[in-house]
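Tertiary structure, described
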Amino acid sequence: MILDRLRRKYKRWADQARWRRRMRPRPGAAPDMPAAPVSVFIRCWNRPSHLWATLDSFYRNTTTPCRFILIDNASDDPETLRVIEGFRRRGMFEAVFHMPANDPGNQQQIFDQLRPSLGPYLVLADADLTIEAGEPDWLARMLRVMSERPALALLGAALDTSDFVSMEEARRVRPGQPDAALAHIIKANSAERRQPENLRGELINPYPPAGRLLLARTEALDRCGALIGARRLCAAVEAAGYEVGITPRVVHRHLSLLNLFDYPDYDYLQLEHYLGLT
């Protein structure tokens, strides 16, 4: 038993040491920045207040040239469609795809359809986040970190942990609910709660980066597929010989951490089906 623990500990240490070596920036190399605008896929399904906040955040805080492409996974809330139309009138979108079903294959379908026009990098995003303002903007910062590291194929953003809801607060808001249900809705067991308190450097690897905001190398998606579900996608990318990481240089808020207040009856069964967990 003790020997097994020591072996696992040594393997984790060796894996981290190898990752750090591969993630060193190329010495003296200028960032290989894309000449064409980067495409940003934004996936949405209902929850109009989260969608509005996400689109407004991207619209206001993105200055790097890019193409916003919205993939609406068959939203049936009329308010969601009104939010989409509002940002369409702003001129935000390169394209909007209204898919016939909330299917995990939708992203791959759009990826395949648009592949000839995609450059070397692609952003995959969910419609439940906001990003901080800054100069250079979030996209330029992520592009610089990735372009200096050829082995890095998936780059996530650090999380604003101030939105974590405690079990005590959840019990106060939803008295009588089973703790298991409350833990589910506040994401009490989510990997993001393991984010280190003191974030240092340009790149960390405490857990697979969340799929809600990912900068990806298109060549890696060609090999692995534009999979839904961060664990599946990260595992496929690593199996193909690439690395994944999170940059503290970009911080985002995860609005679904606040579903307890905003969407207490959110259908997690459909989410688990969508992510391929059931």
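Let me begin by describing the structure that accompanies this report.

The rules behind each value
Residues numbered from 1 in each chain as written. Predicted model: local features only at pLDDT ≥ 70, side-chain atom pairs only at ≥ 80, totals over all residues. Heavy atoms only, no water. Pairing = 2+ DSSP bridges. Helix = DSSP H or I, 4+ residues; strand = E, 2+ residues; numbered from the N terminus. Axes fitted to C-alpha atoms, helices over the stretch in contact; angles between N-to-C directions. Contact = heavy atoms within 4.5 Å. Polar contact = N/O pair within 3.5 Å; in protein donor to acceptor, adjacent residues only side chain to side chain. Salt bridge = Lys/Arg side-chain N within 4 Å of Asp/Glu carboxyl O. Buried < 20%, exposed > 50% of the residue type's maximum accessible area, 1.4 Å probe, protein only. Parallel < 35°, antiparallel > 145°, perpendicular 65-115°, else oblique. Left-handed = near helix turned anticlockwise from the far one by under 90°. Nonpolar A, V, L, I, M, F, W, Y, C, P; charged D, E, K, R; others polar. Core = buried A, V, L, I, M, F, W, Y, C linked by side-chain atoms within 4.5 Å.

The next subject is the sheet that holds strand E6 (residues 152–159). Read across the sheet, 8 strands follow the order E3-E2-E1-E4-E7-E6-E8-E5 without closing on themselves; strand pairing throughout is mixed. The outermost strands of the open sheet, each flanked by one partner alone, are strand E3 (93–98) and strand E5 (129–131). Strand-to-strand twist in this sheet, taken as the mean axis angle between neighbours without regard to direction, amounts to 30°. Judged from the 3 bridges that link them, E5 and strand E8 (residues 243–254) form a sheet pairing that is antiparallel. Considered in E8, the bridge of leucine 129 is made with histidine 254. Sheet strands touched by helix H3 (residues 78–89): strand E1 (38–44), strand E2 (66–72) and E3. Its angle to E3, the strand with the most contacts, is close to 160°.

Let us look at the side chain of asparagine 61. Position of asparagine 61 among the secondary structure elements: in helix H2 (residues 48–61). At a separation of 3.0 Å, a polar atom in the side chain of asparagine 61 contacts the main-chain carbonyl oxygen of isoleucine 131. Those residues in contact with asparagine 61, other than ones at most four positions away along the chain, are Ile131, Glu132, Ala133, Asp137 and Trp138.

Quick look at the pattern of salt bridges now. This model, assessed by the stated rule, comprises 17 salt bridges. As a salt-bridge pair, glutamate 94 and arginine 67 come within 3.9 Å of each other at their nearest N and O atoms. Taken together, the residues glutamate 94 in strand E3 and arginine 67 in strand E2 connect sequence positions 27 residues apart. Overall, arginine 67 belongs to the buried group, its relative accessible area being 17%. A salt bridge links glutamate 148 to arginine 149; its shortest N-O distance comes to 3.9 Å. As far as the burial class goes, glutamate 148 and arginine 149 line up, both buried. Through salt bridges with shared partners, a single ionic network connects Arg144, Glu148, Arg149 and Glu202.

Tracing the backbone shows isoleucine 246 in strand E8. A residue is classified by how much of its surface remains accessible, and isoleucine 246, at 2% relative accessible area, is buried. A C-alpha to C-alpha distance of 5.4 Å links isoleucine 246 and leucine 155, two positions 91 residues apart in sequence. Setting aside anything within four residues of it in sequence, one finds isoleucine 246 in contact with Leu155, Gly156, Ala157, Ala158, Glu202, Leu203, Ile204, Pro206, Tyr207 and Pro209.

Turning our eyes to something else, we now look at the packing of H2 against H3. Contact geometry of H2 with H3 gives a least axis separation of 9 Å together with a crossing angle of 15°. Compared by their axis directions, H2 and H3 come out roughly parallel. In the crossing of H2 with H3, the sense of the turn from one axis to the other is right-handed. Side by side, H2 and H3 meet where Pro48, Leu51, Trp52, Leu55, Asp56 and Tyr59 of the first sit next to Glu79, Thr80, Val83, Ile84 and Phe87 of the second. By residue class, the composition of the contact of H2 with H3 is 8 nonpolar, 1 polar and 2 charged.

Ranked by internal contacts, the top residues of the largest apolar core, which has 34 residues, are Ile42, Leu55, Phe58, Leu70, Phe93, Trp138 and Leu213. At 6 residues, helix H5 (residues 138–147) tops the list of elements feeding residues into this core. With 25 residues, the next largest nonpolar core counts Leu122, Ala220, Leu233 and Ala240 among its residues.

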